[in-house]
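Breakdown of the fold
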Amino acid sequence: MPAEWEQQSAVQLTMPHEHTDWAPILPEIMAVYEEMRREISKHEPLIIVDDIPHNDTWARDHGFITVEEDGELHLLDFRFNGWGEKFPADLDNEINRHLYERGMVKGIYEPHLDFVLEGGSIESDGKGTIFTTTCCLMAPHRNQPLTQEEIEQRLKEYLGAERIVWLNHGSLIGDDTDGHIDTLVRIAPNDTLLYTGGDEEHPDLVEMEKELQCLRSCHDRPYKLLKLPLPRPIYDEGQRLPATYANYLVINGAVLVPTYDQPDLDAEAMRTIGKAFPDWEIVGIDCRAVIQQHGSLHCCTMQYY
């Protein structure tokens, strides 16, 4: 499975509409999507899912996962079940087939619809290591009765992985994905890990940091760790939202970073991500509307290689 910073051919956006959960704030969320479209299209083509019926817009979790084998690209179509049957996803599961049949994406189609796997739940270093979390992949209503060992074997087989790094800690208040890795820890070039820092309200993130400090790369060296700030609490109708800077998107030549109208922390996060991606343009995009549905930039997108 390629690393996110490898050369891409396109990025997919699945657009909000009045029949999705975005209906109450449709003008606000469409403004964010338009900004994403403008910034991404400066660097690479877009695949816009608009006229294909869909339940929701989280392309990261219903989109194809691309792997490379013997110089050929394989489009892996896993089952998305609304993060453990929390939300409807029947229409979302038809998107990939429509895209493939219309010739919108190129590669060898591989259906794995008997296995639940969301793109936001895995991170690849492009060298055979996959990061994930036990709290997500072992959560109820995903792949029971498979054991952790059985799930690991499937990940290795499907993604061409040599090792799976399971993190046993890490969660955000308000998260409904059961701990997607792309809200917590991101792999960057040169064995660097960007991760969400903890505080007294997120002690599990403190424990996650301790886990990361003990990890070693495939080269048997400690990872370089870069801590991202935790945004100040943002609430919607009294509910704290899972704001995180870790949910950034790497595209050809740029990194799009979620911001939350917290100038000091937004700037700190962008500086820190810039240390990991010194040759990329760092672009902030206001994601206060996106987190009202408990996601952010990376969740809204899926890249193709």
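Please refer to the structure placed before this passage.
Let us look at the structure shown here. (Residues numbered from 1 in each chain as written. Predicted model: local features only at pLDDT ≥ 70, side-chain atom pairs only at ≥ 80, totals over all residues. Heavy atoms only, no water.)

Here we come to the overall build of the chain. For the chain, the count of helices and strands is eight helices and 17 strands. The C-alpha radius of gyration computed for the chain amounts to 18 Å, which stays within 12% of the reference 19 Å derived for 305 residues, consistent with globular compactness. Put simply, of all contacts in the chain between residues at least 6 apart along the chain, 76% involve residues at least 24 apart. Carbon and sulfur atoms provide 49% of the accessible area of the chain, an area that totals close to 12600 Å². Of the charged side chains in the chain, 25 are positive and 55 negative, and the gap between their average positions amounts to 5 Å. (Helix = DSSP H or I, 4+ residues; strand = E, 2+ residues; numbered from the N terminus. Rg over C-alpha atoms; globule rule 2.2 N^0.38 Å. Contact = heavy atoms within 4.5 Å. Areas by Shrake-Rupley, 256 points an atom, 1.4 Å probe, with all protein chains shown as cover. Lys, Arg positive; Asp, Glu negative; His and termini not counted. Charge placed at Lys NZ, Arg CZ, Asp CG, Glu CD.)

In this structure, Met 36, Leu 194 and Phe 277 are the most contacted members of the largest nonpolar core, which totals 47 residues. Elements that contribute at least two residues to this core include exactly strand E1 (10-14), helix H1 (26-41), strand E11 (224-228), strand E14 (249-251), strand E15 (254-259), helix H8 (263-276) and strand E16 (281-286). It is H1 that provides the largest number of residues to this core, a total of five residues. Grouped together as the second largest cluster of nonpolar side chains are 29 residues, Ala 59, Leu 99, Val 105 and Leu 117 included. (Core = buried A, V, L, I, M, F, W, Y, C linked by side-chain atoms within 4.5 Å. Buried < 20%, exposed > 50% of the residue type's maximum accessible area, 1.4 Å probe, protein only.)

So, on to the environment of Gln 303. Tracing the sequence through the fold places Gln 303 in strand E17 (residues 301-304). Spatially, the C-alpha atom of Gln 303 lies 17 Å from that of Glu 69, the residues being 234 residues apart in sequence. Residues in contact with Gln 303, not counting those within four places in the same chain, are Glu 4, Gln 8, Ala 10, Val 11, Arg 60, Thr 66, Leu 249 and Val 250. A distance of 3.4 Å separates polar atoms of two side chains, one belonging to Gln 303 and the other to Glu 4. (Polar contact = N/O pair within 3.5 Å; in protein donor to acceptor, adjacent residues only side chain to side chain.)

A few words now on the sheet that holds E15. Spatially, the three strands line up as an open sheet ordered E14-E15-E16, and their pairing is mixed. Edge positions in the sheet fall to E14 and E16, since each of these pairs with one other strand and no more. Across the sheet, the axes of successive neighbouring strands diverge by a mean angle of 25°, strand direction being ignored. Relative to E15, E14 runs antiparallel, the two sharing three bridges. Bridge pairing links Leu 249 to Leu 256 in E15. Its contacts with the sheet put H1 on E14, E15 and E16, and the angle it makes with E16 is roughly 165°. (Pairing = 2+ DSSP bridges. Axes fitted to C-alpha atoms, helices over the stretch in contact; angles between N-to-C directions.)

Moving on to the sheet that holds strand E6 (residues 123-124). Taken in spatial order, the three strands make up an open sheet running E6-E7-E8, and their pairing is mixed. Looking at the sheet topology across the chains shown, the edges are occupied by E6 and strand E8 (163-167). As defined by bridge partners, E6 adjoins strand E7 (residues 129-133) across two bridges and the pair is classed as antiparallel. What sits directly across from Ser 124, in E7, is Ile 130. Where helix H6 (residues 148-159) meets the sheet, it contacts E7 and E8, and its direction lies at approximately 135° from that of E8.

So far we have only geometry, and geometry alone does not tell us how the molecule works.
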